[in-house]
Amino acid sequence: MHVEEKLTAETFPASPEKATLEGKNKFLGFWFFLGGETVLFASLFATFLSLRDRTAGGPSSDELFKMSIVFIATMLLLTSSLTSVYAMYHMKNFDFKKMQLWLGITVLLGAAFLGLEIYEFNEYVHEGLKYSTSAFASSFYTLVGTHGAHVAFGLLWILTLMIRNAKRGLDLYNAPKFYVASLYWHFIDVVWVFIFTVVYLMGMVG
Amino acid sequence: MENHTNSGNPNVDLAYRRKKNAEDMKHQVISFALMIFLTLIAFFAVGYDKFSPWFSVPFIVLLAIVQVGFQLYYFMHMSHRGHELPALFLYSGVFVAFLTIWAFMTVIWW
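Keep in mind that this is a model prediction, so the values were computed, not measured.

## Quick word on the overall build of chain B
Tallying secondary structure elements over chain B gives 3 helices and 0 strands in all. For chain B, the N- to C-terminal ordering of α and β elements is α-α-α. Relative to the globule expectation of 13 Å for 110 residues, the C-alpha radius of gyration of chain B, 21 Å, shows a markedly less compact shape. With respect to the principal axes defined by its C-alpha atoms, chain B has extents near 70 × 30 × 10 Å. Within chain B, the fraction of its 110 residues that count as buried is 35%. Restricting to contacts in chain B with at least 6 residues of sequence separation, those with at least 24 account for 45%. Surface exposure of chain B reaches about 7,200 Å², of which carbon and sulfur atoms provide 71%. Averaging the locations of the 7 positively and 6 negatively charged side chains of chain B gives two centres separated by 6 Å.

## Quick word on the pattern of salt bridges
Residue and element names in this part refer to chain A. In total, this model carries 4 salt bridges over all chains according to the counting rule given. Here Glu17 ties to Lys92 by a salt bridge, and the two come within 3.9 Å at their closest N and O atoms. Taken together, the residues span a long stretch of sequence, with Glu17 in the segment before α1 (21-51) and Lys92 in helix α3 (residues 67-92) at a distance of 75 residues. The residue Asp95 makes a salt bridge to Lys98 at a minimum N-O spacing of 3.9 Å.

## Here we look at the interface of chain B and chain A
On the chain A side, the residues contacting the 53 residues of chain B number 51 residues. For the pair chain B and chain A, the summed buried surface comes to about 4,800 Å²; carbon and sulfur atoms form 78% of the total. Interface area lost by chain B to chain A is led by Phe43, Met76 and Phe89 of chain B, which between them contribute 14%. Our enumeration of links across chain B and chain A arrives at 0 salt bridges. Run the count over chain B and chain A and you get 8 residue pairs in polar contact (both at pLDDT 80 or more). At the level of elements, α1 (10-47), α2 (53-75) and α3 (84-107) of chain B are the ones that each hand at least two residues to the side of chain B that touches chain A. Ranked by residue count, the leading element in the side of chain B that touches chain A is α1 of chain B, at 19 residues.

## Focus on the environment of Val3 of chain A
All names here are of chain A. Take Val3: it is sitting in the segment before α1. Once the C-alpha coordinates of Val3 and Leu34 are considered, the two residues, 31 residues apart in sequence, prove to be 25 Å apart. The residues contacting Val3, other than those within four sequence positions of it, are Thr20, Asp171, Leu172 and Tyr173.

## Looking at empty space enclosed by the protein
By the definition in use, this model includes 3 cavities of 30 Å³ or more. Of the voids in this model, the largest cavity is the one considered here, and its volume is about 120 Å³. Around the largest cavity, the lining residues are Val85, Met88, Tyr89, Lys92 and His186 of chain A together with Asn21, Asp24, Met25, Gln28, Phe75 and His77 of chain B. Breaking the lining of the largest cavity down by element, the ones donating at least two residues are α3 of chain A together with α1 of chain B. By residue class, the composition of the lining of the largest cavity is 5 nonpolar, 4 polar and 2 charged. Put simply, the second largest cavity is a space of about 50 Å³.

## Some details on the packing of aromatic side chains
As enumerated under the stated definition, the model contains 29 aromatic pairs over all chains in all. Where Phe153 of chain A meets Trp157 of chain A, the ring centres are 6.1 Å apart and the plane angle is 50°; that geometry is what we call tilted. Placement of both Phe153 of chain A and Trp157 of chain A in helix α5 (residues 135-164) is noted, with a separation of 4 residues, approximately one turn of the helix. Residue classification places Phe153 of chain A among the partly exposed positions, given a relative accessible area of 49%. A residue is classified by how much of its surface remains accessible, and Trp157 of chain A, at 23% relative accessible area, is partly exposed. Summarising the aromatic geometry, the rings of Phe196 of chain A and Phe43 of chain B are spaced 5.5 Å apart at their centres and angled 25° between planes, so their arrangement reads as stacked. Of this pair, Phe196 of chain A sits in helix α6 (residues 175-205) while Phe43 of chain B sits in helix α1, which puts the two residues in different chains. Residue Phe43 of chain B is classed as buried on the basis of its relative accessible area, which comes to 5%. A network of ring pairs unites the aromatic residues Phe48, Phe65, Phe113, Phe121, Tyr124, Tyr131, Phe136, Phe140, Tyr141, Trp192 and Tyr200 of chain A as a single cluster.

## Here we look at the nonpolar core
Membership of the largest hydrophobic core comes to 92 residues, with the highest contact counts inside it found for Trp31, Phe140, Trp192, Ile195, Val199 and Tyr200 of chain A. Going through the elements one at a time, α1, α3, α4 (96-126), α5 and α6 of chain A together with α1, α2 and α3 of chain B are the ones with two or more residues in this core. Among the elements that take part in this core, α6 of chain A stands out by supplying 21 residues, more than any other. Structurally, this core is a two-domain feature, drawing no fewer than three residues from each of domain 1 (1-79) and domain 2 (82-110) of chain B. In contact with Tyr200 of chain A, other than residues within four places in its own chain, are Phe65, Val70, Glu120, Tyr124, Phe140, Val144, Trp192 and Ile195 of chain A.

Thresholds applied
- Along each chain, residue indices are assigned from 1 in the same order as the chain's sequence is written.
- The lettering of chains begins at A and the numbering of ligands begins at 1, in the order of writing.
- A pLDDT threshold of at least 70 governs which residues receive local features in this predicted model, and a stricter bar of 80 or more applies before side-chain atom pairs are shown or counted, although totals over entire chains, interfaces and linings include all residues.
- Side-chain numbers come from the whole structure's heavy atoms, not from hydrogens or water.
- A run of H or I in DSSP counts as a helix once it spans at least four residues, and a run of E counts as a strand once it spans at least two, with each numbered from the N terminus.
- Between the two quantities, the radius of gyration covers C-alpha atoms and the globule rule is 2.2 Å times the number of residues to the power 0.38.
- Each residue's exposure class comes from its accessible area (1.4 Å probe, protein chains only) as a fraction of the maximum for that residue type: buried when under 20%, exposed when over 50%, partly exposed otherwise.
- By the convention used here, residues are in contact when the closest approach between their heavy atoms is within 4.5 Å.
- The accessible surface values rely on the Shrake-Rupley method and a 1.4 Å probe; as for residues, cover is taken only from the protein chains in view.
- We score Asp and Glu as negative and Lys and Arg as positive, and we do not count His or the chain ends.
- Just so you know, the charge point we use is NZ for Lys, CZ for Arg, CG for Asp and CD for Glu.
- In the sections that follow, a salt bridge refers to a side-chain nitrogen of Lys or Arg positioned within 4 Å of a carboxyl oxygen of Asp or Glu.
- Here the quantity called buried area is the accessible surface, traced with a 1.4 Å probe, that two parts lose on coming together, added over both.
- N or O atoms within 3.5 Å of each other form a polar contact, as long as, within protein, one can give a hydrogen and the other can take it, and as long as residues adjacent in sequence are counted only when both atoms are side-chain atoms.
- Here a cavity denotes grid points, spaced 1 Å and computed from the protein atoms alone, that fit a 1.4 Å probe unable to get out, and a pocket denotes an open set having protein on both sides within 12 Å along at least 5 of 7 lines; residues with an atom within 4 Å of a point are the lining.
- Grid points are joined across faces, edges and corners, and a volume is the space filled by probe spheres set on the points.
- When residue character is reported, Ala, Val, Leu, Ile, Met, Phe, Trp, Tyr, Cys and Pro are called nonpolar, Asp, Glu, Lys and Arg charged, and the others, Gly included, polar.
- Only Phe, Tyr and Trp rings are paired, with Trp represented by its six-membered ring, and only when their centres lie within 6.5 Å; those with planes under 30 degrees apart are stacked, over 60 edge-to-face, the remainder tilted.
- Here, the term nonpolar core denotes a set of buried Ala, Val, Leu, Ile, Met, Phe, Trp, Tyr and Cys residues that are joined through side-chain atoms within 4.5 Å.
- Per the annotation, domain bounds derive from an automatic or database assignment of domains.

Laid out in C-alpha cells, this is it:
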C-alpha cells in the first residue's frame, strides 16, 4: 500500500494516519512537539501566576473580566473541538466531503473565538490595560495572546490543508496531515481549559 | 492483493470498521457532554459567592484537570493502543511544566 495509491472505502485502512512510515513518523514527531508546547505554556502560566497581583495602580483582573465573554469563548472553542472530532470520524470512514464540511465548521467556530478575543483585548486597552501598564498586564497579554496566536495559526493550517487537498481527495499521503492538524486543534482547547480556569475564573474569585 | 482485512471480504470488514468508528464517535459525544457539564460547574462555583476562594480555587483547578483528561484520552485518542510514546512525551512535558510552576509559586510564597 503506497502513499499515493487511489483508495476506496473498502481498501482504506482502519488507522489511515499510521498506515505509512511517513504517517507514523508524523504522529510521533507531533506528540513530541506537543510535549514541548506544554513546557512553553507552563512557563507563561508560571509567569502569569507569579505576577497576577502586580497591577501597579492599573486595572486588576476582577475589575476587567466579564464572565459572559469568557463563557461564550469557552463554549465556542469546546464545540470546535467536537466538530474536529467529527471531521476525523468522517476521515476514518473515507468520506472526504463530510470531513471537509466539519473542518469548515471547526474553522468558523475558531474564527468566532479569535474575533471575540480581539474584541476583548480592544475593550481592555480602552479600559486602561495596555501591554506595558503593569506586570499583570504584560503577563496576561503574553499568555492569552500566545494562545490566540496558536488559534490563528491553527485556522490557517486547517484552511491550507482544506484548500490544498480540495481536488485531490483523501489518500494515505494527506490523511496523517489532517489527523495531526486535528490533534493540534485539540491541544489548543487543552490550553484554553487551563486559561479560563487559572486566568479568568481564578481572576474573578479574587 | 493487500487489503488489510481479516475476513477476506472487504465489505464485511468495512461494515465492522464503520460500526467501530460509530461506537468511538458515541464515546466522543459523551465526553463532550461531560466536558460541557464540568465547565458549567466551574463557572457556577465562581459565580456563586457563598464559596470561599480556599474551596473554589482548588475545586475549579481539579475540574480543569479532569476535563483535560477527557480531551487527551478521548478527543486525542490517548486511550487507544499505540500511544505509549505519545504518553511518554506528553507526561515528560507535564513533569517539566509542574516543576516550572512549582518553582515560580514557591519563589513568590512570602
